[in-house]
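Now for the letters of each chain:
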Amino acid sequence: MAVTPGLVLAAVACAMCLLPVLVRAQLQVGFYQRTCPNAETLVRQAVATAFAKDAGIAAGLIRLHFHDCFVRGCDASVLLATNPGGGKTERQAIPNNPSLRGFEVIDAAKASIEQSCPSTVSCADILAFAARDSITLTGNVFYPVPAGRRDGSVSKEQDALDNLPPPTFTAQQLIDRFKNKTLTAEEMVLLSGAHTVGRSFCASFVKRIWNGTTPIVDAGLSPSYAALLRSLCPSSTTQTTLITTAMDPGSPDVLDNNYYKLLPRNMGLFFSDNQLRVDGNLNALVNTFAANETMWKERFAAAMVKMGRIEVQTGRCGQVRLKCSVVNPNSSPSSVELASVDEEGVIATS
Ligand code: HEM
Ligand SMILES: *[C@@H]1O[C@H](CO)[C@@H](O)[C@H](O)[C@H]1NC(C)=O
Ligand SMILES: *[C@@H]1O[C@H](CO)[C@@H](O)[C@H](O)[C@H]1NC(C)=O
Ligand SMILES: *[C@@H]1O[C@H](CO)[C@@H](O)[C@H](O)[C@H]1NC(C)=O
């Protein structure tokens, strides 16, 4: 294939997008003030409508934003139903399937925004707003969301497997993974408090309660809690077993600091949750947040904002998707990762 000037330009534009964050445009609070003043209101309405039908959707949206940001940055790659380059998507990866939820809420918000201001508000920003609104609905916490993210055009199963922390991670692995995403150990502990809302499928903790068909005695799991979990989740549980349980059994739809109170009672659901107690430095933070909910909420909101800045594309990089589950038709080569150019080895891609 001949390398046309258009392709070269696209390649240069793409390379610019890979420059360090310092020389690129930054996210801004009120980014859509002039171009789409009701963008945030329309997202809030879509989230509120869905929340009224199913409060659990809030947890789903908070996690969706997290899983977006940790894989290729906050670029809505998690929302893509197909990968233009072929192969399985992030959505299809085990950490996301079947557990991720809230896609249809983002689609509804996007549809109403497209009617008011076509081709203006990115799916990555809609997701960041929706996560914030979910936190407001469940935790009565509001924080302004810096916006201006652009949407990516690539979604790969392997990227999700490589970047999302599994519930089998040790304290050190969790710290390292968050550090790799610019987040500190304290921010890791702060953000883990999101497990005060929502649910988990049995597969994510079954290895803590069953060894084959024999009950496991795990010093980090309360015997009565383990017995309850065993009564819920059969020893034959697999990735496709569709039984779920609340992570904070007392108040799964309330964003409070109960997560940090459950941990010392050996009621952290995942091995990874319990790791926050096993490490002395992390455990000190757990105790601090268990003792002061106001402090946790303030710092949790700040950590969410920081998470929302991970590896974002801004300015002319990426695209504003028209539908959040598909890349725009006629995307330029730069936005489909220069797939054809790459195949011929002419230009390296991101
Ligand atoms: C520290 C590392 C983390 C690990 C290992 C982890 C792991 C998990 C797992 C295994 C589930 C259950 C998935 C299933 O249904 O099987 C889950 C659910 C959830 N996680 Fe995390 N997570 C982590 C951090 C976070 C962060 C940083 C957030 C958000 C700020 C978050 C928010 C949530 C929420 C809200 C749910 C419930 C989702 C729902 O009800 O639909 N998690 N997490
Ligand atoms: C995160 O890890 C990837 C690959 O392992 C590496 O290329 C990247 O530089 C790391 N980022 C940070 C901020 O440590
Ligand atoms: C599970 O059981 C087998 C044999 O019964 C034993 O060798 C193994 O150590 C057990 N594993 C765990 C995690 O308890
Ligand atoms: C809890 O934290 C808040 C905010 O960080 C602080 O103003 C307040 O004094 C703390 N409360 C207690 C009881 O320490």
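Here is a short report on the structure shown in this document.

Rules of the game
- Residues numbered from 1 in each chain as written.
- Chains lettered and ligands numbered in written order.
- Predicted model: local features only at pLDDT ≥ 70, side-chain atom pairs only at ≥ 80, totals over all residues.
- Heavy atoms only, no water.
- Helix = DSSP H or I, 4+ residues; strand = E, 2+ residues; numbered from the N terminus.
- Buried < 20%, exposed > 50% of the residue type's maximum accessible area, 1.4 Å probe, protein only.
- Contact = heavy atoms within 4.5 Å.
- Areas by Shrake-Rupley, 256 points an atom, 1.4 Å probe, with all protein chains shown as cover.
- Donors = N, O, S within 2.8 Å, 3.2 Å for Na, K, Ca; no water.
- Salt bridge = Lys/Arg side-chain N within 4 Å of Asp/Glu carboxyl O.
- Axes fitted to C-alpha atoms, helices over the stretch in contact; angles between N-to-C directions.
- Parallel < 35°, antiparallel > 145°, perpendicular 65-115°, else oblique.
- Nonpolar A, V, L, I, M, F, W, Y, C, P; charged D, E, K, R; others polar.
- Disulfide = S-S within 2.5 Å.

1. Quick word on the overall build of the protein
So, point 1. A count of helices and strands for the protein gives 15 helices and 4 strands.
So, point 2. Within the span of the protein, comprising 350 residues, buried residues form 51% of the whole.
So, point 3. Nonlocal contacts in the protein, meaning residues at least 24 apart in sequence, comprise 76% of its contacts between residues at least 6 apart.
So, point 4. Counting only carbon and sulfur atoms, one obtains 56% of the accessible surface of the protein, whose full area is about 15700 Å².

2. Here's the deal with the coordination of the iron atom of ligand 1
So, point 1. In this structure the iron atom of ligand 1 is ligated by exactly one protein donor, His195 (NE2), at 2.0 Å.
So, point 2. If you trace the backbone, His195 turns up in the loop between α8 (185-192) and β1 (199-201).

3. Description of the pattern of salt bridges
So, point 1. Counting across every chain of the model gives 9 salt bridges.
So, point 2. Note that Asp159 and Arg72 form a salt bridge whose closest N and O atoms lie 2.8 Å from each other. Remark: Arg72 occurs in the loop between α3 (57-69) and α4 (103-116) and Asp159 occurs in helix α6 (residues 157-163); sequence separation between them is 87 residues.
So, point 3. Judged by relative accessible area, Asp159 falls into the buried class, the value being 16%.
So, point 4. For Arg72, a relative accessible area of 25% translates into the label partly exposed.
So, point 5. Two residues, Lys181 and Glu311, come together in a salt bridge whose shortest N-O distance is 3.5 Å.

4. Considerations on the packing of helix α7 (residues 171-180) against α8
So, point 1. Remark: α7 packs on α8, axes separated minimally by 9 Å, with the N-to-C direction vectors making an angle of 100°. Relative to α8, the element α7 lies roughly perpendicular. Of the residues in α8, those in contact with Leu174, Ile175 and Phe178 of α7 are Ala185, Met188 and Leu191.
So, point 2. The residue makeup of the contact of α7 with α8, split by class, is 6 nonpolar, no polar and no charged.

5. Quick notes on the state of the cysteines
So, point 1. One pass over the structure, following the stated rule, counts 4 disulfides.
So, point 2. The partner cysteine of Cys123 in its disulfide is Cys324, sulfur to sulfur 2.1 Å. Judged by the sign of its S-S torsion, about -90°, the bond between Cys123 and Cys324 is left-handed. Of the two residues, Cys123 is situated in helix α5 (residues 123-139) and Cys324 in the loop between α14 (293-307) and α15 (339-343); the sequence distance between them amounts to 201 residues.
So, point 3. Overall, Cys123 belongs to the buried group, its relative accessible area being 0%.
So, point 4. The disulfide bridge from Cys202 ends at Cys233, spanning 2.0 Å between sulfur atoms.

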